[in-house]
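Reading the structure
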Amino acid sequence: MEDAFPWRQWMKGALGALHWSPETFWRSTITEYMMAIEGFNEMNGEAKKNDGPSDADISALLTRYGG
């Protein structure tokens, strides 16, 4: 069964690639997480794939999952 929100995928990035502690992951905001992943990708020579979620995307996520 697939999660409604990709928590496991996001945790893999935070704990594996970024070496964050679980506490850091759970205390971070979506913006902080996205900026950290973007910075990690830039430092490792990966091309930027997009500009991240738009304001409308964030609003939709907040409406769906609360915030």
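Our structure's up above, just so we're on the same page.
A brief look at the structure comes next.

Quick look at the overall build of the chain
Helices and strands together make up the secondary structure of the chain, namely four helices and zero strands. For the chain, the succession of helices and strands along the chain, N to C, is α-α-α-α. Within the chain, the proportion of its 67 residues that are buried is 13%. Of the contacts made within the chain by residues no fewer than 6 positions apart, 22% connect residues no fewer than 24 positions apart. With an accessible surface of roughly 5500 Å², the chain has 55% of that area assigned to carbon and sulfur atoms.

Concerning helix 3 (residues 30-43)
Compared with an ideal rise of 1.5 Å per residue, which puts 14 residues at 20 Å, helix 3 spans 20 Å between its outermost C-alpha atoms and is within 8% of the ideal. At the C-terminal side of helix 3, Gly45 shows a positive phi close to 75°.

Section: the packing of aromatic side chains
In total, this model carries eight aromatic pairs according to the counting rule given. For the ring pair Trp10 and Tyr33, a centre distance of 4.7 Å and an interplane angle of 5° mean the geometry is stacked. With Trp10 in helix 1 (residues 7-17) and Tyr33 in helix 3, this residue pair connects regions lying 23 residues apart in the sequence. Taking the centre distance of 6.2 Å and the plane angle of 85° together, the rings of Phe25 and Tyr33 count as edge-to-face. Both residues of the pair, Phe25 and Tyr33, count as buried. Clustering of aromatic rings is evident, with ring pairs tying together Phe5, Trp7, Trp10, Trp20, Phe25, Trp26, Tyr33 and Tyr65.

Cut-offs and rules
Residues numbered from 1 in each chain as written. Predicted model: local features only at pLDDT ≥ 70, side-chain atom pairs only at ≥ 80, totals over all residues. Heavy atoms only, no water. Helix = DSSP H or I, 4+ residues; strand = E, 2+ residues; numbered from the N terminus. Buried < 20%, exposed > 50% of the residue type's maximum accessible area, 1.4 Å probe, protein only. Contact = heavy atoms within 4.5 Å. Areas by Shrake-Rupley, 256 points an atom, 1.4 Å probe, with all protein chains shown as cover. Expected span 1.5 Å × (residues − 1). Phe/Tyr/Trp six-rings, centres within 6.5 Å; stacked < 30°, edge-to-face > 60°.

That is the geometry; function is a separate question.
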